[in-house]
Amino acid sequence: MSAPEPMDIHDQVHAFADGELSVEEADAFREHLGTCETCQADLDDILQLQALGGQLAQVDAKAAVSGAVAPASRVEAAPVRAFRPAWSRRRNWVAAAALSGSLAAVFAVVVLRTRNTGSDETQLLALAPTRSLEARLSWAGASAHRPYGVLRSGDERPRELVPLQMLAKLEAEGDLQGLAVGHLLRGEREQAADYLQRASSSPDVDSDRAVVALTKGELESALILLDGVLEKHPQHAQALWNRALVLHELGLDALAAEAFDAVALLGEAGWAQEAKERAAVLRRQLDGRRGAWESAQQAGRVLALEGTPFPDEVARAVPGTARNWFNIAVWTAPSAEHVKALLPLARVLDAHYGGETMARYAERVATLDFQRRAPLADRFRDVLLGKFDGAKLAPLAKEFAGSPHQDILLGLLPLAGGLPAHLDVYEQAAKSLGDAWLTLNVERERALAEYARGDLAGAEARLLRAVSACESAKADYRCGQLEHLLAHIYKDEHRLVESREHALAGLQWARQSQEWKLQADLLLVLGDLARFRNAFALTRAYLGEQALRDRSCSARRHVHESLASLHVFALQPKAAREELQKAPSCDVPFFLNGGLVLADLTRLDPKPGDVEQVREGLKKLDAAGWLRPGEKVIATHIEGRAVIGSDREAGRALLRKAIDEGARLGSQDPVAAKARAYSYSSLILDAGSTGDWAGALTLFAEETGVAAPTRCALGVEVHDERTLVAARGPAGELLGHQDASRRSPDFDVAALVPPAMASALKPCEHVHVFARYPVHGQAGLLPPELAWSYDTGRKPTAPGVSAPRPLVVYDVDAPASLGLPRLRSWELSGGPSPRRVELTGAAATPSRLLAELVEATEVEIHAHGLVNLGVSDASLLVMAPEAGGRYALTAGEVRKQKLKGAPVVLLGACQAARTAPYLHAPWSLPVAFAEAGARAVIASPIDIPDAEAGPFFARVMERIRAGASAATALRDERLRELSARPDSWVKTVVVFE
């Protein structure tokens, strides 16, 4: 037998990796390895396969739960190399070889299964042993559990080394979800979002879409996606987990803990234990915060009534409550010694708030004559114990006023219920102490009195001043109270953006000072705000959290009534009734929201006694003195809404009464304005139910303040299950249709007007459309060959400008932080004009545009349009940033202007016609321009293409300059465009006239 030939050195790589070479051979191979790139690459692959094999058993065990990993027998045939380790091939390969035995501890293995290839091939990817995302991914290739762990430096977004060749492979196979996950793990979330958008929707894909939204801070979008998944698949593990994360990011930790509990119950390896630990941490933190607040309340009460010292650590934890109880303890103190005993607490509070206000106050009170003060302190103690005779309040307040002991009035008047009648005395007492904590509360109490009598504007102005002063005084708890009241007033005015801004600011103050009850109150406001703009996922989240935190009767009833109203909107009347039945009985049978729900149930799910229950409940609400002027009008509407189905004449009379009372209170009371709008809706639908199309159209016109139409008019109302369409044709003939067949709040706007009715309107030169949300502003209501416009109800005034003054906005320098592409430049239409104003570049700021709008006789705005509910509840226009960073031109700002030139306004921006979800009145940028004085506004509610928008709108404007009406000009130019491209976006452009 001949001796074996020496092995070629290139063939020794496997033996070297396995430790089978002699010492001499290994040394020679190491020397060769430093210069041979082929051997370096081969050794790299071998070492990683060894690492993968070392972890395979563990992966298979996890796969039993997740189904994410292929059998071990298939791994050996993996044709694609795993990615290279972080250490470079050009490094010392002796050190690399020495690492081979421990490499398995450096990488965990996730198997990425290719799809749609028709083969059994399986791709392997080595990932870090800890995951970089808190969220769970549903794609099978990355769904296995790894502990969560990131660097604490926070230098960059967490990412993992997913090889580009793996992404290329997934793209070639059409695995869009896998491709998105790969990009997401690499930290490339925009690419991930793009691929997931193209992927077919499924529970797993929607859950991964929510993960991308979560990483981008788009919490509401993530919550909507996850709620959609869980509605159909309540035990979808990834969606449950990710929803918990979203809730935690929203600060809704009680609800987040419940979501983690649901994950733990699924018993998945790794995930169940982590979920259990996360839920426990959240509950421990919540219990600590609630416990601190409850301890502060208990410690304050025994301090005031028994003189037991207030623990320093509790005062530092809940300083606002501690400060309130400090004052109460001073007012109940029977002797100077008791007051002096409060000095340690005063110094703790002064250390928190700065200065020596509390200590100086205690020292001053300790010098007073307690033979005179002690009996007065006893009276206040009786108030705390509920023993005080309210009839004695007026003479007692007179006795206190102006005396050295009038500070006691600051506790006695509010707690004894005598504050509204003695506000001047209260203010005098507060100012005598010179303590901003107390004077700020005077402003809050005065604002409450203004709010109670319906002076919302006065209350708003007062509170805005107080909030500014509060911030400089660092009066945390007071700031939270003021923000809460301001948010509540804005909510009543349906100024949702401002309300949310102040509610979130108040919540921040409440969390910072650990005011548990105030946090719960603000969650109620945020839940209502979400409900008002149809953000139902967010509504359920806020109200669900509030229900877990506040078990008071009124709070629980409020939550159940709000959830019941969601079910009514979703046309789920039985679920709405079940929700109402869960609500506890408090001092009154229901609040106004519950009354509205019950009034709708008399029609949607009638039960014997419903109408009587509505009437009795409203009587009790009124008798309790809880209703402000505008709320009394709402109560009248609710009764009419409930009665009209069984007693038409009585119902109509009540609804007419609500309209008249609402008009008497005027626009200064937005609650009354809502009642007026709701009453018109009920009367319009009642007219339609009897086929009174003329009556319905008259009501549409009456509501908007214009004459009843005699020809070429259309009225559309969509409310709950009912749809009404009434029209007058070109000869004044009446047409109409009404049904109650809707079973979902969704509808096709193009299908609302019956084809026969649309055909009858075709001879009209211009159709005026009356509509309110959710129809107002939507494109496609009538066929494109008709000239039509939404009637805003505002009569155009004669221009107050003597000569034409065109205003054109284009080439705007949008804020770089928004990442918006620059719009293309284009040739201006209309020829040269010495009076034309052009706003471009950095000069096109919101304030400059608002100023130039006043004198303009025609307006063209070519800019980006956005929907950002943190800035405006309708769409906004992106202008160049001001010095302070402000860039948005909002509908609210436009509405305040007076457009003297009565211009035609062309809004060449994406989503410029998008309408806010106001049930009582249409609200959008075009409506705001109309209210400001524009005679016509042209815009689209969708995204529009930059390259085509400028030329199209220029041609429309040329037709208007030639004498055509806005609706006719748009119709003619639209038909010209559609003749060449039937699916063009121009079908979505709408006129408001």
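Regarding its fold elements, the chain presents 42 helices and 16 strands. Considering the chain as a whole, with its 993 residues, one finds that 55% of them fall into the buried category. In the chain, the proportion of contacts linking residues at least 24 apart, taken out of those at least 6 apart, comes to 66%. For the chain, the exposed area adds up to about 42200 Å²; of that, 52% sits on carbon and sulfur atoms.

All right, on to the packing of helix α31 (residues 592-604) against helix α32 (residues 610-623) then. In the contact formed by α31 and α32, the axes pass within 9 Å of each other and the chain directions differ by 160°. Classified by the angle their axes make, α31 and α32 are roughly antiparallel. α32 is crossed by α31, and the crossing has left-handed handedness. Here L592, L598, A599, L601 and T602 of α31 lie close against α32, whose contacting residues are D610, V611, Q613, V614, L618 and L621.

For helix α17 (residues 343-353), every residue scored as buried is listed here: L343, L345, A346, V348, L349, D350 and Y353. Looking one or two places after α17, you find G354, whose phi comes out positive at around 90°.

A few words now on the packing of aromatic side chains. Tallied over the entire structure, the rule returns 13 aromatic pairs. Aromatic pair W241 and F260: ring centres 5.1 Å apart, planes at 80°, arrangement edge-to-face. Residue W241 is located in helix α11 (residues 237-249), and its partner F260 is located in helix α12 (residues 253-265); the two are separated by 19 residues in the primary sequence. Centroid distance F952 to F953: 5.7 Å. Interplanar angle 65°. Geometry classified as edge-to-face. F953 carries the same exposure label as F952, and that label is buried.

A few words now on the state of the cysteines. One pass over the full model with this rule turns up three disulfides. Covalent S-S linkage joins C470 and C479, the inter-sulfur distance amounting to 1.9 Å. Measuring handedness by torsion sign, the sulfur bridge of C470 and C479 sits at about -115° and is left-handed. By the burial criterion, C470 is buried, and C479 matches it. Residue pairing for C553: its cysteine sulfur links by disulfide to C586, the two sulfurs lying 2.0 Å apart. The disulfide joining C553 to C586 has a torsion of about -100° about its S-S bond and is therefore left-handed. Linking C553 in helix α29 (residues 553-569) with C586 in the loop between α30 (573-582) and α31, this pair joins segments that are 33 residues apart in sequence. Under the relative-accessibility criterion, C553 is labelled partly exposed at 27%.

Ordered by their spatial adjacency, three strands build an open sheet running β11-β12-β13, and the pairing between neighbours is antiparallel. The strands lining the two open edges of the sheet, one partner per strand, are β11 (865-866) and β13 (888-889). Where strand β12 (residues 876-878) meets β13, two bridges bridge the pair, whose relative direction is antiparallel. Looking at β13, one finds that L877 is bridged to L889.

A cis geometry characterises the amide bond from Y773 onward to P774, with omega recorded as 15°. Tracing the chain through its elements places P774 in the loop between β6 (767-771) and β7 (788-790). Located in the positive-phi region is C712, a residue other than glycine, with phi close to 50°. As for its placement among the helices and strands, C712 is situated in the loop between α36 (693-704) and β3 (713-719). C712 sits in the buried class, given a relative accessible area of 2%.

This brings us to the pairing of strand β5 (residues 734-739). Here strand β4 (residues 722-728) runs beside β5; their pairing, made up of six bridges, is antiparallel. Of the residues in β5, the one forming a bridge with T723 is D739. As consecutive antiparallel partners, β4 and β5 are separated by five residues, and within that stretch G732 has a phi angle of approximately 85°, a positive value.

Close inspection of predicted coordinates is inappropriate in any region flagged by low pLDDT. Residue-level pLDDT values for the chain average 85, and 85% of them are 70 or greater. Ignoring residues within four places in sequence, the model shows residues 1-5, a span with pLDDT below 50, making zero contacts including any to other chains. Low pLDDT (under 50) marks residues 50-126, which in the prediction has 131 contacts with non-local residues, meaning those over four places away or in another chain.

In this section: the environment of W241. Given a relative accessible area of 0%, W241 falls into the buried group. Discounting residues that sit within four places of it in the chain, W241 has contacts with R131, E134, A135, R136, F260, V263, W271, E274, A275 and R278.

In globular proteins that are soluble, nonpolar side chains generally tend to be buried together. Membership of the largest hydrophobic core comes to 209 residues, with the highest contact counts inside it found for L714, L781 and F929. The greatest single-element share of this core, amounting to eleven residues, is contributed by helix α13 (residues 271-306). The residues contacting F929, other than those within four sequence positions of it, are L853, I861, V894, L899, V905, L907, A934 and V937.

Thresholds, definitions, all that
Residues numbered from 1 in each chain as written. Predicted model: local features only at pLDDT ≥ 70, side-chain atom pairs only at ≥ 80, totals over all residues. Heavy atoms only, no water. Helix = DSSP H or I, 4+ residues; strand = E, 2+ residues; numbered from the N terminus. Buried < 20%, exposed > 50% of the residue type's maximum accessible area, 1.4 Å probe, protein only. Contact = heavy atoms within 4.5 Å. Areas by Shrake-Rupley, 256 points an atom, 1.4 Å probe, with all protein chains shown as cover. Axes fitted to C-alpha atoms, helices over the stretch in contact; angles between N-to-C directions. Parallel < 35°, antiparallel > 145°, perpendicular 65-115°, else oblique. Left-handed = near helix turned anticlockwise from the far one by under 90°. Phe/Tyr/Trp six-rings, centres within 6.5 Å; stacked < 30°, edge-to-face > 60°. Disulfide = S-S within 2.5 Å. Pairing = 2+ DSSP bridges. pLDDT = per-residue confidence, 0-100. Core = buried A, V, L, I, M, F, W, Y, C linked by side-chain atoms within 4.5 Å.

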